[in-house]
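Residue-level structure breakdown
What follows is the residue order along each chain.
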Amino acid sequence: METKRLEVTAEGKKVYDIVIENNFNQLVKELSVFGIKERKLCIVTERQVASYYLEEVCSLLEKECAKLEVYIFQEGEESKNLSTVDSLYHFLITHEFDRKDMLLALGGGVTGDLTGFAAATYLRGIDFVQIPTSLLAQVDSSIGGKTGVDYHAYKNMVGAFYMPKLVYINVNTVKTLSERQYHSGLGEVIKHGLIREKAYFEWMKDNKEAVAKREDEALAYMIEGSCEIKRAVVEEDPKEHGVRALLNFGHTLGHSIEKLMNFSLAHGECVAVGSLLAADISCQRGYISEEENKEIKELYAYFDFPALPEELKAEDIVKETRHDKKMEHGKIKFILLDKVGEAAIYQDVTPEEMLTVLERV
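A brief report on the enclosed structure follows. (Residues numbered from 1 in each chain as written. Predicted model: local features only at pLDDT ≥ 70, side-chain atom pairs only at ≥ 80, totals over all residues. Heavy atoms only, no water.)

What follows covers the overall build of the protein. Scanning the protein from terminus to terminus reveals 14 helices and 11 strands. Its C-alpha radius of gyration of 20 Å places the protein within 12% of the 21 Å reference for a compact globule of 361 residues. Projected onto the principal axes, the alpha-carbon positions of the protein cover approximately 60 × 40 × 40 Å. When the 361 residues of the protein are sorted by exposure, 57% land in the buried category. (Helix = DSSP H or I, 4+ residues; strand = E, 2+ residues; numbered from the N terminus. Rg over C-alpha atoms; globule rule 2.2 N^0.38 Å. Buried < 20%, exposed > 50% of the residue type's maximum accessible area, 1.4 Å probe, protein only.)

Okay, structure coming up:
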């Protein structure tokens, strides 16, 4: 495929590029502009991703930098915590990494968030690069500079806004994902169309078979389109003072479900359930039609997203939303659809409205 390059800016100045490829062949070239010949690099990755891609990436980089180190941690959300960050700090200190060196996050959303937070805070900030290998990380978490870790049972409670120097996406890495991991990323992809671009949502509906089969052309178009939407939003609002909050569509109830299920459901699965519930509230208020709500449900259903877990009580889910870190002055910032392709922030969604849609499921 032809290399795709999206430039991310902030306050009118370029911050970094998103490079979209179908291999890792251009990685050295992209990193060379940062003077890696004179810098130590540390690849931060988790065990499962390492088994697929670490050898290839190391073989490309080991002779191109001053020194190459690798830090591997146990995969899974349970590793996204301050204990893992502490272990990474120790690794960097004992291997004498300084401010001129660089971290490379090779993996999914957990790896990117954790590595970014470590980079933001180690020696008050060193450079890092995102090399996302999961669909969710490629279209969402690697873009925009949000970094962080979970604190006990509270998701992403500790973090920082810290921009990468580069996001390098090899779209073919999603072909090694399990169906569940792949579909989890699709939860964020569909969300992007719903909140920002109706034409993209319609493309997803019309091309769902090719997307499900992970066909090359469909993957390239889908990932680039989703990155475009995410880029446009974060450029407009880099630190979530306004429009960037729209990206949290489906997250208020989704995060509650994720926590109450003790992270046994994937993040994208919970976002999908939360998105369907948010669409129900939007429909209940008359913002979108019954037919539009049905189309949304059918697209999510096509990709076999899980239903709301039966063991969860509606009252507990609503109660848990009070712990959402996006609360302002005791009010929940709830994202609803004014129409398909256009979302808005509401602070008047009541517990009763949430209970109503939860009890209908």
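Here we come to the nonpolar core. Judged by nonpolar contacts, the single largest core of 75 residues is most densely connected at I18, L135, L186, M204, M222, I257 and I296. It is helix α11 (residues 267–284) that contributes the most residues to this core, 9 residues altogether. What I296 contacts, discounting residues up to four positions off in sequence, is L194, F201, L276, A279, I288, L337 and V340. Among the nonpolar cores identified, the runner-up in size contains 25 residues, and F24, L31, V49 and L54 belong to it. (Core = buried A, V, L, I, M, F, W, Y, C linked by side-chain atoms within 4.5 Å. Contact = heavy atoms within 4.5 Å.)

Moving on to helix α10 (residues 251–260). In terms of burial, α10 is largely enclosed, as 9 of its 10 residues are buried. Listed in full, the buried residues belonging to α10 are H251, T252, L253, G254, H255, S256, I257, E258 and K259. Buried residues in α10 make contact with β8 (154–161), α6 (179–196), α11, α13 (314–320), β10 (334–339) and α14 (351–360).

Time to look at the pattern of salt bridges. Counting across every chain of the model gives 26 salt bridges. Several salt bridges share partner residues, and in doing so they unite R5, K14, D17 and E30 into one network. (Salt bridge = Lys/Arg side-chain N within 4 Å of Asp/Glu carboxyl O.)

Looking now at the packing of aromatic side chains. Scanning the entire structure with this criterion turns up 11 aromatic pairs. Relative to Y346, the ring of Y287 lies with its centre 5.4 Å away and its plane at 20°, an arrangement referred to as stacked. In this pair, Y287 is assigned in the loop between α11 and α12 (290–302) and Y346 in strand β11 (residues 342–346), connecting sequence segments 59 residues apart. Site record: aromatic cluster; members linked through ring pairs are F24, Y52, Y53 and Y168. The positively charged end of R214 is found above the aromatic ring belonging to Y182, 4.3 Å away from the centroid. Over the aromatic face of Y346 sits the side chain of R285, whose NZ or CZ is 5.5 Å from the ring centroid. (Phe/Tyr/Trp six-rings, centres within 6.5 Å; stacked < 30°, edge-to-face > 60°. Lys NZ or Arg CZ within 6 Å of the ring centre and 35° of its normal.)

Even without being glycine, E96 reaches a positive phi, approximately 55°. Of note, E96 is situated in the loop between α3 (82–94) and β5 (102–107). For F263, which is not a glycine, the phi torsion comes out positive at approximately 60°. Topologically, F263 is positioned in the loop between α10 and α11.

Let us look at the environment of V233. Looking at where V233 falls in the secondary structure, it is placed in helix α9 (residues 216–236). Ignoring any residue separated from it by four or fewer positions in sequence, one finds V233 in contact with R196, V243, R244 and L247.

If a strand is regular, its side chains alternate between the two faces of the sheet. For strand β6 (residues 127–132), the buried fraction is high: 5 of the 6 residues fall into the buried class. Sheet topology places β5 next to β6; 6 bridges connect them, and they run parallel. Residue pairing across strands places L106 opposite I131, the latter belonging to β6. Traced from β5 through helix α4 (residues 109–121) to β6, the parallel crossover comes out right-handed. (Pairing = 2+ DSSP bridges. Right-handed = clockwise from strand over helix to strand, strands pointing away.)

Between α11 and α12, the shortest axis-to-axis distance is 10 Å and the interhelical angle comes to 175°. With respect to α12, the axis of α11 lies roughly antiparallel. Each of A272, S275, L276, A279, D280 and C283 in α11 lies in contact with α12, whose residues at this interface are E290, N293, I296, K297 and Y300. Counted by class, the contact of α11 with α12 contains 6 nonpolar, 2 polar and 3 charged residues. (Axes fitted to C-alpha atoms, helices over the stretch in contact; angles between N-to-C directions. Parallel < 35°, antiparallel > 145°, perpendicular 65-115°, else oblique. Nonpolar A, V, L, I, M, F, W, Y, C, P; charged D, E, K, R; others polar.)

Turning our attention to the side chain of E69. By secondary structure assignment, the location of E69 is in strand β4 (residues 67–73). For E69, the contacting residues outside a window of four places in its chain are L41, C42, I43, F91, H95 and F97.

For strand β3 (residues 40–46), the tally of buried residues reaches 7 of 7 residues, placing the bulk of the element in the interior. Of the two faces of β3, both are covered, the one formed by K40, C42, V44 and E46 as well as the one formed by L41, I43 and T45. Bridge count between β3 and β4: 7 bridges; the pairing is parallel. Paired with T45 across the bridge in β4 is I72. For the handedness criterion, the β-α-β arrangement of β3, helix α2 (residues 47–61) and β4 is classed as right-handed.

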